[in-house]
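# Chain and residue survey
Chain by chain, the residues:
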Protein chains: 2
Amino acid sequence: MATIVQKFGGTSVGDTDKIKRVAKRIKQGMDEGHSVVTVVSAMGKSTDKLVELADEITDNPDPREMDMLLTTGEQVTISLVVMALKELGVDAVSLTGWQAGIVTEEVHQDARITDINTSTLEGHLNDGKAVLVAGFQGVSEDGNITTLGRGGSDTTAVALAAALEAESCSIFTDVTGVYTSDPRYVKKARQLGSISYDEMLELAHLGAGVLHPRAVEFAKNYNVKLVVRSSMENVEGTIVEEEATMEQNLTVRGLAFDKNVTKVTVERLPNHYDTMSNLFKLLAEEGINVDIIIQQMTADHGVNVSFSIDSGNLGKTLDLIHGAKETLCYSEVRHESSQSKVSIVGSGMISNPGVAADMFKVLAEEEVAIKMVSTSEIAVSAVVPEKDMIRASEALHTYFGLDEKEQEKIELAKQA
Amino acid sequence: MATIVQKFGGTSVGDTDKIKRVAKRIKQGMDEGHSVVTVVSAMGKSTDKLVELADEITDNPDPREMDMLLTTGEQVTISLVVMALKELGVDAVSLTGWQAGIVTEEVHQDARITDINTSTLEGHLNDGKAVLVAGFQGVSEDGNITTLGRGGSDTTAVALAAALEAESCSIFTDVTGVYTSDPRYVKKARQLGSISYDEMLELAHLGAGVLHPRAVEFAKNYNVKLVVRSSMENVEGTIVEEEATMEQNLTVRGLAFDKNVTKVTVERLPNHYDTMSNLFKLLAEEGINVDIIIQQMTADHGVNVSFSIDSGNLGKTLDLIHGAKETLCYSEVRHESSQSKVSIVGSGMISNPGVAADMFKVLAEEEVAIKMVSTSEIAVSAVVPEKDMIRASEALHTYFGLDEKEQEKIELAKQA
């Protein structure tokens, strides 16, 4: 009897009716003859309510106590799902993080899993029970309750799938799978049948938001077959695995974009070995994330440095650079707001050197100005004006053959 | 440095402002040089909200999962109190039941504590930290989360005080201490300086409601000095200990009463060895609590049996007895509703045989009809019409010397 792991996020367990629906899903898996382990998050907005309570008490809550507080959310959900399963006549049992043997570093709010002792969990599976595990949480060697940080429940599910050598790990969410692009903006975006870990990682980092990068990394390292699928509709999802078998002919597998990008340029810095280090240490120390960086020599042997940041950090960034004018020794700092980043992703690029050139050609034909470019082995990103973002994305989506085809539309309709 | 244990109930931690007040109380104890262990309940109505969630899912929630669900309430409180303490500059740490080493039977919703492993707790105390422990909860040998049933947080506090050999265990509540009678009804009721475990037990069982009987029993067995005091006002409370030192001259220490009593009489049962057993097994199997029982022979060698129940159980009780008419072989069943029970309590009664007679005399003078009587070593209870309950109680309160004296009133006012 194969073991499967599945995870339902906060919106999928947002109220007791949704919890009953999750219980039915689990029963379905049991009826199909699987051993089912299910990881759930806290109900809908319940974590926000707990955070509000802490906010009423202090501006600076203790990290250990925040973990103590927030882990109650998932504990509530697991107990309610088990009650709903028993109501359906399914024997089931709930386990908190520590009961499920999820051991983490002695770190609060962003701990990494160091070990999973599956003996209790496997005992319950052998008794034929559905097992519910509280996501997002673990316990340190010293017996302190810890949490895994953002996307923690995804990580819990993937880690359990790895430890139990599960057949697959399904992430149930509010979309039906991974799309070639965000269907809210790119009308012809279509769902992918499969995608590789690396492609998913690039898309996750680029803001696709379906899966947390840490969970994808974990799945890649332990070769866990991930399935992203809808908790609302019973349709096929997207498989994330080492070799995405379908659509291998596609060079580009997905297209991501981010708004609220600002390009900052610091002009005529001294051409010195520690120039870059001094500039970016300044920003890093204040927690400002820098994305693309470009360095360019000037005619008079100075250096111009451009970088992109989230527009929300612009004020702080300018203050820091202005404040360090004497130590950095630059002539001027300029910025361009209202930019965006458009990225194409696909492992096929590795053996296809013309992809970046094709991307620039499409953008040129659309008369979209390219402000910055960055490339990785399986992705090319361009910073372009925000007003052109959707138009550029749709043109690239069509050019790289990602548009939904009529035949596929019919097939998806049949599945639904 | 003496260790003290204190417990704050749900109303004392009902919102974040009250939690901040509790933190100040704890700081006060620390500033006085004590090692302070504090047990807290779930915030105000939070347990009710969790029960509502379970009710939305099932009419028959699994006991293990109810424990999983409800124990989150206390976990929320401990983390918030620690945050509030850190805000006051006090180093503190929260522990769930299992982290505090509270081991119970493998029973859900009403487990008894079997062992307390205090090593983690003592480690934190030795580090000079205030320790917050989630009340009402423990863990079984098999690692399942359990709860201690009604009054569970009181029991947690007393058990920790016993295990830590604490100097005292203060139960902070919404009254200032234990009263000779319920001051909402008996105007001249006054607060007791001290009371013995046995007297407190009788009062607790008789519905005084300040302390749970199980906690008092635990305190008696392990000789833990209990102090009942107000969480709102900083005034002296009532000490519960083996030998109540003050007011030893009083034969009667307290007076309790319960409304909603119904007397049921089953007439002419056969005078057979299993008559009583059959009748009361019938009621016990349906969970109906019977209080006072009187058996009387009839002239024709039958038996009349009267017993008192909570009026809310009357319908069910009559149904059961009517349904078993053939097996019980009685002639008739009658009942008197709108009755009440008035009880006087005091360990001085043991050496004072006239107390019951005095009670009857007072009730006769007040022209109060006595329907049933029961006695224990340190208590006498009488079932009387509900309309006469307060009048009877006030007359007994005065007769047995329990009324507040002018001098005491002045002293209490000075303390406040």
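Residues numbered from 1 in each chain as written. Chains lettered and ligands numbered in written order. Predicted model: local features only at pLDDT ≥ 70, side-chain atom pairs only at ≥ 80, totals over all residues. Heavy atoms only, no water.

The name given to chain A in an unreviewed UniProt entry is Aspartokinase, and the organism recorded there is Bacillus daqingensis. If you open the UniProt record of chain A and go to Catalytic activity (unreviewed entry), you find "L-aspartate + ATP = 4-phospho-L-aspartate + ADP". You can read under Function (unreviewed entry) in the UniProt record for chain A the words "Catalyzes the phosphorylation of the beta-carboxyl group of aspartic acid with ATP to yield 4-phospho-L-aspartate, which is involved in the branched biosynthetic pathway leading to the biosynthesis of amino acids threonine, isoleucine and methionine." (UniProt positions renumbered as here; feature names shortened; annotations may be inferred.)

Per the secondary structure count, chain A includes 13 helices and 18 strands. Taken over the C-alpha trace, chain A has a radius of gyration of 24 Å; the compact-globule value for 416 residues is 22 Å, and the two agree within 12%. In terms of overall dimensions, chain A has a C-alpha envelope of 75 × 55 × 35 Å along the principal axes. Across the 416 residues in chain A, those meeting the buried criterion constitute 55%. Surface accessibility of chain A: about 18100 Å² in total, with carbon and sulfur atoms responsible for 46%. Computing the positive centroid from 38 side-chain charges and the negative centroid from 63, chain A places the two 6 Å apart. (Helix = DSSP H or I, 4+ residues; strand = E, 2+ residues; numbered from the N terminus. Rg over C-alpha atoms; globule rule 2.2 N^0.38 Å. Buried < 20%, exposed > 50% of the residue type's maximum accessible area, 1.4 Å probe, protein only. Areas by Shrake-Rupley, 256 points an atom, 1.4 Å probe, with all protein chains shown as cover. Lys, Arg positive; Asp, Glu negative; His and termini not counted. Charge placed at Lys NZ, Arg CZ, Asp CG, Glu CD.)

Let's shift gears to the relation of the copies chain B and chain A. Once chain B has been moved 0.0 Å along the axis and rotated by 179°, it coincides with chain A to within an RMSD of 0.3 Å. Put plainly, the chains are arranged around a two-fold axis. Scanning chain B for the C-alpha nearest the rotation axis identifies threonine 72 of chain B, at a separation of 2.7 Å. The residues that chain B uses at the interface reappear at the interface of chain A in 100% of cases, marking a shared surface. (Least-squares fit on C-alpha atoms with pLDDT ≥ 70 in both. Contact = heavy atoms within 4.5 Å.)

A few words on helix H7 (residues 213-221) of chain B. Buried within H7 of chain B we find Pro213, Arg214, Ala215, Val216, Phe218 and Ala219 of chain B. Directly after H7 of chain B, the chain includes asparagine 223 of chain B, whose backbone phi takes a positive value near 50°.

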